[in-house]
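# A look at the structure
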Amino acid sequence: MAAQTLQQPSFLLANLKADATTKPLLQRCQDLVKIIDEYPAKELHLIFPWLVESVFGSLDGIIAGWNLRLLHSRSNEYNIVMEFLNPSGPMMKLVYKLQAEEYKYEIPINYLPGPVKACIQEGVLPDCPLFHNKLQFPLSGLLTLNLALNPFEFFMFNFAYCLITPKNYPPGQHGSSTDTAYFVLVDTYLKYFLPSEGSVPPSPYSDSRGSVTAPSPRSSSVSFAGYGVHSPSLLKHHIFHQPSVNADPAAQEIWRSETLLQMFVEIWLHHYSLEMYQKLQSPQVKLALLQYRLSMSSMPCQPYAPPGSGTLHTYQEPFSPSEEHVLVVRLLVKHLHAFSNSLKPEQLSSSPSAHSHTHTSPLEEFKRVVVQRFVQQKLYLFLQHCFGHWPLDASFRAVLETWLSYIQPWRYTGEKTNPPPDQNRTVPEKWESFVQENLLMYTKLFQVLLNRAVRTDLVNAKNALMVFRVAKVFAQPNLAEMIQKGEQLFLEPEHVLHHRQPRGYLTPSQGGSYLSSRQRVVTDVVFRVKSHVYALEGQDCQYKQMFGPELRGAVLKLIQIIAQARQTAKRISDHSNEVAANNSFLSWFGMGSSDPNNTFPGAEPEDSGECLKKTHEFLDRALENLCQIFKLNQVQLTQLISNLGSSQDDGNCKQLPDCIQGENGLILTDLGRSQIISGLRRFDIHYQGDPELQPIRSYESALLVRLFYKISSVVNERFGGHMNALCSRTDFLGRLGRHYLADTDSTAKLRQSPVTRRTLERNRQPRLSLRPLASYRTLLLLLLLYVLGALLSFGPVSSTLLILTGGFLYGLFMTLFGDKLKTH
């Protein structure tokens, strides 16, 4: 569409909407490039919200937009979209063009993450500076609040929100791939606005009015007691404390980087349960945080206002992150580690208080605090939620790798030297402070993972791999010692804090560096570890030591389950080998199994063949690493595993799982569930419905089954009363009738699996069953008998009478001597 100077903005928007349904994407993007270059910001302002929605989709998910989460690199439109949305492309040029003006775009607070929305509705200012001075208070009340965002913030909000918007994927497509346009754009934006080398390229348009204004006077209708663990300012010389952005051009650079990161963190990570929200909002935690801030700074004390309790019911966010969501979060974590680790060596050795912002660029100061200040708390709550609510399947691998990426920042230092093998790589001493300041990330999440592992099927190679990955990471030399030292610092007596001398030390949440090599006194280190734990878990937290006796018992239980899984995998593998050998012999006669996997009954396809060998290898190495981490006694470990020898296991596998007799039948215990999951024991499953209505077997004639069922149904309906009377007799005729008309083995079969008492005690009505005659084996036997009769010169009628007579005599014999034969 050629730009027309006399065209009205309303016509421009109408034409763009019309073109969206008729023109291909390439032509629409070419038209938009011309419009962005030729139209003034005043006219572009009116089409900007529609354009953002048409690209990223609507916030409610009704409009799909360009489906960036489904657009793969093999698509024809991929390159067009990437070029248009590139950080230096036409779309960002439009954002910068509008950013140079005072345009604002509103976002309803209903689309904010649950904790932020509930906080605002309670009248408490959110901790994140991103939401400061942006709330618009209507006269109708707090339920219709909006956020007024500038163009850059509006663009990044919609881009970040696109990830968590519910999508209805077409059949056969999913959004967990890492080669989609959305995933690549996230990586591109992170590298552009959070560069490890150099600085962020400046905006092509001068922002004469600035992007951030000085804090305005606070409204009396809203309380401003912070609900987070951090003070409102990010840096000591943060731009929020500056009257104008123009005073420091470098501040514009840090503002864009900070805005992008805050949007990503707030939209992707700021989600947790109502219980956790109430815990973080409790007056006890707020009072503790207030005391902490007063002791750490000389800032003027603001009156403390406890949050309102009347709007907690408004927090109703059902948070269920997808695998795609977690993969993007992992990308963010990895990039932030690389960004933080790119801090220049000369900046690492000096404290933040020793450097003024005139000597250190805002971007370098941003690198100091980006992980601890922005990500730590929200990522901890995010991972804790995922650990507790994610299904017990292999998709948990995405969550696990995100956690392992965060707790190993030394993997993202950008060093080009050839590292030693993983098992011999020692964690450098400089990371000890990071481990201490993230103690719960290591200890608490490891404990939660143990609870998952003992309830997971470790015979599955994918699940065994996850246990091995965790054990391998924590077995790195020096790491266990660093964690143990951090726990000792946390358990230091409280009186150490009271003798702490006031000094200008800043915690990471206030701008301190976790990479600083400055020797700190013990009291500072103790206070830092304690403040970290209390900030995330509250003052009343009951901390369980990772190397304490309770967790050691849980580790021994996991080792026992690992040993059981190893034995089960070996038994399944041996059985599969036997089946494969038998099939190779029977295949000469065309009688081999048609199952190409040769799977054990009850095993999944991936739990056979080569996968079982991998399972055994992963579990073996996991056992070695766990022994190394917790310094387990080899004699005790050998004795624990020997109790689960193959002979005992072979005996147990023939028994029923551990159950208790409940009011309505057998009830599985926790031990019984573990035995079933590990494959050690199982129920002897039988068909428990009406035998006449069970599915037609492969060895039965479908036509005869249906025919005989109709015949027997007519006979049973007409003579059912006579059959009941006959089988109710206690004499010889009653016993003979029960032999032919009653299923005497049904009760014994039903007791092999847990069913209700009503099913166990039901009285199966006597009936005539002709279904055995539909079996091919029975038909073959009858054919042979008729052939034999023909050879002996018997006619069909005579042969039929002889067969019926033989069947009657057999039943008579079993009625007379059946009980005696069973006893012997």
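Residues numbered from 1 in each chain as written. Predicted model: local features only at pLDDT ≥ 70, side-chain atom pairs only at ≥ 80, totals over all residues. Heavy atoms only, no water.

### A short note on the overall build of the chain
For the chain, the helix and strand inventory stands at 32 helices and 5 strands. Sorting the 824 residues of the chain into buried and exposed places 48% on the buried side. For the chain, the accessible area works out to roughly 41,300 Å², and carbon and sulfur atoms hold 57% of it. (Helix = DSSP H or I, 4+ residues; strand = E, 2+ residues; numbered from the N terminus. Buried < 20%, exposed > 50% of the residue type's maximum accessible area, 1.4 Å probe, protein only. Areas by Shrake-Rupley, 256 points an atom, 1.4 Å probe, with all protein chains shown as cover.)

### Things to note about the nonpolar core
One finds Trp268 and Trp403 to be the most contacted residues of the largest nonpolar core, which totals 173 residues. At 13 residues, the largest contribution of residues to this core is made by helix 14 (residues 362-389). If we skip the residues at most four places from it in the chain, Trp268 touches Ala160, Leu163, Ile164, Tyr182, Val186, His325, Val328, Val329, Leu332 and Phe382. (Core = buried A, V, L, I, M, F, W, Y, C linked by side-chain atoms within 4.5 Å. Contact = heavy atoms within 4.5 Å.)

### What to know about the packing of aromatic side chains
By the definition in use, this model includes 32 aromatic pairs. Consider the rings of Phe366 and Phe374, whose centres lie 5.6 Å apart with planes at 90 degrees: the pair is edge-to-face. Under the relative-accessibility criterion, Phe374 is labelled buried at 7%. Centre to centre, the rings of Trp431 and Phe434 are 6.3 Å apart; their planes meet at 90 degrees, and the pair counts as edge-to-face. No difference in accessibility class separates Trp431 from Phe434, as the two residues are buried. (Phe/Tyr/Trp six-rings, centres within 6.5 Å; stacked < 30°, edge-to-face > 60°.)

### Focus: the side chain of Gln372
In this structure, Gln372 sits in helix 14. A distance of 3.2 Å separates a polar atom in the side chain of Gln372 from a polar atom in the side chain of Asn438. (Polar contact = N/O pair within 3.5 Å; in protein donor to acceptor, adjacent residues only side chain to side chain.)

### Some remarks on the sheet that holds strand 2 (residues 135-136)
Taken together, the 3 strands give an open sheet; going across it, the order is 1-3-2, and neighbouring strands pair in antiparallel fashion. The sheet is open, and its two borders are formed by strand 1 (105-108) and strand 2, each paired with just one other strand. As paired strands, strand 1 and strand 3 (residues 146-149) are joined by 4 bridges and run antiparallel to one another. Of the residues in strand 3, the one forming a bridge with Pro108 is Asn146. (Pairing = 2+ DSSP bridges.)

### Notes on a nonpolar patch on the surface
Taken together, the side chains of Leu780, Leu781, Leu783, Leu784, Leu785, Val787, Leu788, Leu791, Leu792, Phe794 and Leu802 present a nonpolar region at the surface, about 1,100 Å² in accessible area. With 8 residues, helix 31 (residues 776-791) is the largest single contributor of residues to the nonpolar patch. For Leu783, the location among the structural elements is in helix 31. The exposure class assigned to Leu783 is exposed, which follows from its relative accessible area of 51%. (Patch = residues over 30% accessible without salt bridge, like charges linked within 9 Å, V, L, I, M, F, W, Y side chains within 5 Å. Salt bridge = Lys/Arg side-chain N within 4 Å of Asp/Glu carboxyl O.)

### Some points on the environment of Leu626
Examined against the element boundaries, Leu626 turns out to sit in helix 23 (residues 610-630). You can call Leu626 buried: its relative accessible area is 3%. Along the backbone, Leu626 and Phe474 are 152 residues apart, and their C-alpha atoms lie at a distance of 8.4 Å.

### Side note on helix 2 (residues 25-38)
Taking 1.5 Å of rise per residue, the 14 residues of helix 2 would be expected to cover 20 Å, and the 20 Å separating its terminal C-alpha atoms lies within 8% of that figure. Along helix 2, the residues that are buried comprise Leu25, Cys29, Asp31, Leu32, Ile35 and Ile36. Along helix 2, the residues classed as buried sweep out an arc of 160 degrees about the axis, all on the same side. (Expected span 1.5 Å × (residues − 1). Arc of directions from axis to C-beta.)

### Let's talk about the pattern of salt bridges
For the structure on display, the rule yields 21 salt bridges. For Glu401, the salt bridge goes to Arg397, with nearest N and O atoms at 2.7 Å. Of this pair, Glu401 and Arg397 both sit in helix 15 (residues 397-406), 4 residues apart, roughly one helical turn. Classification of Arg397 as partly exposed rests on a relative accessible area of 30%. Between Lys485 and Glu432 there is a salt bridge, with its nearest N and O atoms 3.0 Å apart.

### Re unusual backbone geometry
The phi torsion at Asn67 lies on the positive side, around 55 degrees, for a residue other than glycine. Note that Asn67 resides in the loop between helix 3 (41-56) and helix 4 (78-85). A relative accessible area of 33% means that Asn67 is categorised as partly exposed. The phi dihedral of Ser793 falls on the positive side, at around 70 degrees, and the residue is not glycine. Structurally, the position occupied by Ser793 is in the loop between helix 31 and helix 32 (796-823).

### Section: the confidence of the model for the chain
Taken as a whole, the chain shows an average pLDDT of 75; of its residues, 69% reach a score of 70 or greater. At the low end of the mean pLDDT range in the chain sits helix 25 (residues 646-652), at 45; at the high end sits helix 15, at 96. Below a pLDDT of 50 lies the segment residues 296-314, which in the model reaches 28 contacts outside its immediate sequence neighbourhood of four places, other chains included. Note on residues 350-358: pLDDT under 50 across the span, and 18 contacts to partners over four residues away in sequence or across chains. (pLDDT = per-residue confidence, 0-100.)

### Describing the packing of helix 4 against helix 8 (residues 181-193)
Here helix 4 crosses helix 8 at 30 degrees, and the two axes come no closer than 11 Å. By the angle class used here, helix 4 and helix 8 are roughly parallel. In the crossing of helix 4 with helix 8, the sense of the turn from one axis to the other is right-handed. Between helix 4, through Tyr78, Met82 and Leu85, and helix 8, the contact on the second element is made entirely by Ala181, Val184, Leu185 and Tyr189. Across the contact of helix 4 with helix 8, the residue classes break down as 7 nonpolar, no polar and no charged. (Axes fitted to C-alpha atoms, helices over the stretch in contact; angles between N-to-C directions. Parallel < 35°, antiparallel > 145°, perpendicular 65-115°, else oblique. Left-handed = near helix turned anticlockwise from the far one by under 90°. Nonpolar A, V, L, I, M, F, W, Y, C, P; charged D, E, K, R; others polar.)

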